[in-house]
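Listed below, chain by chain, are the residues.
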Amino acid sequence: MAADVMMADVMVAVDVGGTGIKAGLVARDGTVRLRRRCPTGADRGPAAVMATVLRVAGDLAAAARADGRRPRGVGVVVPGVVDEDRGVLVWSANLGVRDEPLADRVSAKLGLPAWLGHDVRAGGVAEARHGAGRGARHVLFVAVGTGIAAAQVVAGRAVAGAHGAAGELGHVVIRPDGPGCGCGGRGCLEAVASAAAIGRRYAELAGGPADASQVAAGVAAGDPTAARVWREAVAALADGLVIGQALVDAELIVVGGGLAEAGETLLAPLRAAVKERLTFHREPALVPAALGDQAGCLGAGLVGFDHLEVAG
Ligand SMILES: [Zn+2]
């Protein structure tokens, strides 16, 4: 009994990204230990990605036991359309996976309960509970990176939607005559204002390749082309955030993802542009994410503990 009480419960947490896997052991209080990283290697095909996820999760469960901790389950988060109730990854363009019963496969292999979550929703939960959204009840987390996605988090829980596809703010059409989008649409927010879109737009105007962080540096250095590209992207993002705010009435919008690393170069003009567009809606505080690229892994652990509680 005493030994059992001494054993600290942990959740094996795995964030499977398009390029990298971030994993660790998450405790109930939100601390993360034994962090692990490895490439996803999505180009190897879905079977190889799945094998890597199983290996990483298995290694961490073993490491937890060796460390005198009790792994209570496995939380895995992925990008794409996720059926959280059934633990099925319905479709992930980034991972090239369709209709994968991921939670069942992890559970069968490791002999532990396993749950599947959506990477941005899990990241939003982590930011809301332990990061930039602490203390706020209504948080809209917006991840702006290669793509754009959002998570509405209310009282620490993310809204998944009827089909696991809530929060696709990146595919709201804001420039109907704008560039084509990976989803098949045209003028989606993601096609205009993601980090990838900013890089493409700069290359189009300046004739040379650049990524979004270089464009941000160009803004600070007074490059007029960079300033123009940035202005266009900020205007589009503000249009998108105002739509988000009209739908969810957040007290706090947390901006994460790679583009948020530009800090106030992004947030200061974005705040001004959002304020200018709002009519009767209350202005949300606009803050940078606090957890960086660790939000998904922490969120995976929290998703696991949440399910464990429901299961009793
Ligand atoms: Zn789209």
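Quick note: structure is the one above.
Residues numbered from 1 in each chain as written. Predicted model: local features only at pLDDT ≥ 70, side-chain atom pairs only at ≥ 80, totals over all residues. Heavy atoms only, no water.

So what about the overall build of the chain? Which residues, and what values?
Within the chain, the regular secondary structure consists of ten helices and 13 strands. Its C-alpha atoms give the chain a radius of gyration of 20 Å, near enough to 20 Å, the size a compact globule of 312 residues would have. Overall size of the chain, expressed as C-alpha extent along the three principal axes, is 65 × 40 × 35 Å. Sorting the 312 residues of the chain into buried and exposed places 51% on the buried side. Counting 31 positive and 32 negative side-chain charges, the chain places the centres of these two groups 3 Å from one another. (Helix = DSSP H or I, 4+ residues; strand = E, 2+ residues; numbered from the N terminus. Rg over C-alpha atoms; globule rule 2.2 N^0.38 Å. Buried < 20%, exposed > 50% of the residue type's maximum accessible area, 1.4 Å probe, protein only. Lys, Arg positive; Asp, Glu negative; His and termini not counted. Charge placed at Lys NZ, Arg CZ, Asp CG, Glu CD.)

Hey, could you go over the coordination of the zinc ion for me, with residue numbers and the actual values?
In an ideal octahedron of six donors the angles at the metal are 90 or 180 degrees, and in an ideal tetrahedron of four donors they are 109.5 degrees. The zinc ion binds to the protein through His 171 (ND1), Cys 181 (SG), Cys 183 (SG) and Cys 188 (SG); the donor distances cover 2.0 to 2.4 Å. Considering all four donor atoms around the zinc ion, angles at the metal cover 105 to 124 degrees and the coordination shape is tetrahedral. The buried category is assigned to Cys 188, whose relative accessible area is 2%. (Donors = N, O, S within 2.8 Å, 3.2 Å for Na, K, Ca; no water. Tetrahedral: all angles 85-135°; square planar, octahedral: opposite > 155°, others 65-115°.)

Hey, could you go over the sheet that holds strand β3 (residues 32–39) for me, with residue numbers and the actual values?
Spatially, the five strands line up as an open sheet ordered β3-β2-β1-β4-β8, and their pairing is mixed. Edge strands, defined here as strands with exactly one partner in the open sheet, are β3 and β8 (114–118). On average, each strand axis in the sheet is tilted by 20 degrees relative to the strand beside it, whichever way the strands run. Where strand β4 (residues 69–78) meets β8, five bridges bridge the pair, whose relative direction is parallel. Note that in β8 the partner of Val 76 across the bridge is Leu 116. In the packing of helix α10 (residues 295–311) onto the sheet, contacts are made with β1 (8–16), β2 (20–27), β3, β4 and β8, and the angle to β1 comes to roughly 130 degrees. (Pairing = 2+ DSSP bridges. Axes fitted to C-alpha atoms, helices over the stretch in contact; angles between N-to-C directions. Contact = heavy atoms within 4.5 Å.)

Residues and numbers for the pattern of salt bridges, please.
All chains considered together, the criterion is met by 19 salt bridges. As a salt-bridge pair, Arg 28 and Glu 309 come within 3.9 Å of each other at their nearest N and O atoms. One end of the pair, Arg 28, is in the loop between β2 and β3; the other, Glu 309, is in helix α10, with 281 residues separating them in the sequence. For Arg 28, a relative accessible area of 44% corresponds to the partly exposed category. A salt bridge links Asp 239 to Arg 277, with the shortest nitrogen-to-oxygen separation between them at 2.5 Å. With a gap of 38 residues between them, Asp 239 in helix α8 (residues 224–248) and Arg 277 in helix α9 (residues 264–277) connect regions that are remote in the sequence. Linked through salt bridges whose partners overlap, the residues forming this network are Asp 9, Arg 28, Arg 70, Arg 72 and Glu 309. (Salt bridge = Lys/Arg side-chain N within 4 Å of Asp/Glu carboxyl O.)

Account for the side chain of Lys 22, with residues named and values stated.
When you line up the elements, Lys 22 lands in strand β2. Among buried Asp, Glu, Lys and Arg side chains, Lys 22 stands out as unpaired, with Asp 15 the closest opposite charge at 4.3 Å. Among residues more than four places away in sequence, those in contact with Lys 22 are Ala 13, Val 14, Asp 15, Arg 36, Arg 37, Asp 293 and Cys 297.

How would you explain helix α2 (residues 46–66) if you had to name every residue and give the values?
The end-to-end C-alpha distance of α2 is 30 Å, a good match for the 30 Å that 21 residues give at a rise of 1.5 Å each. Those residues of α2 not exposed but buried are Val 49, Met 50, Thr 52, Val 53, Leu 54, Val 56, Ala 57, Leu 60, Ala 61, Ala 63 and Ala 64. Taken from the residues just after α2, Gly 68 is the one with a positive phi, measuring 80 degrees. (Expected span 1.5 Å × (residues − 1).)

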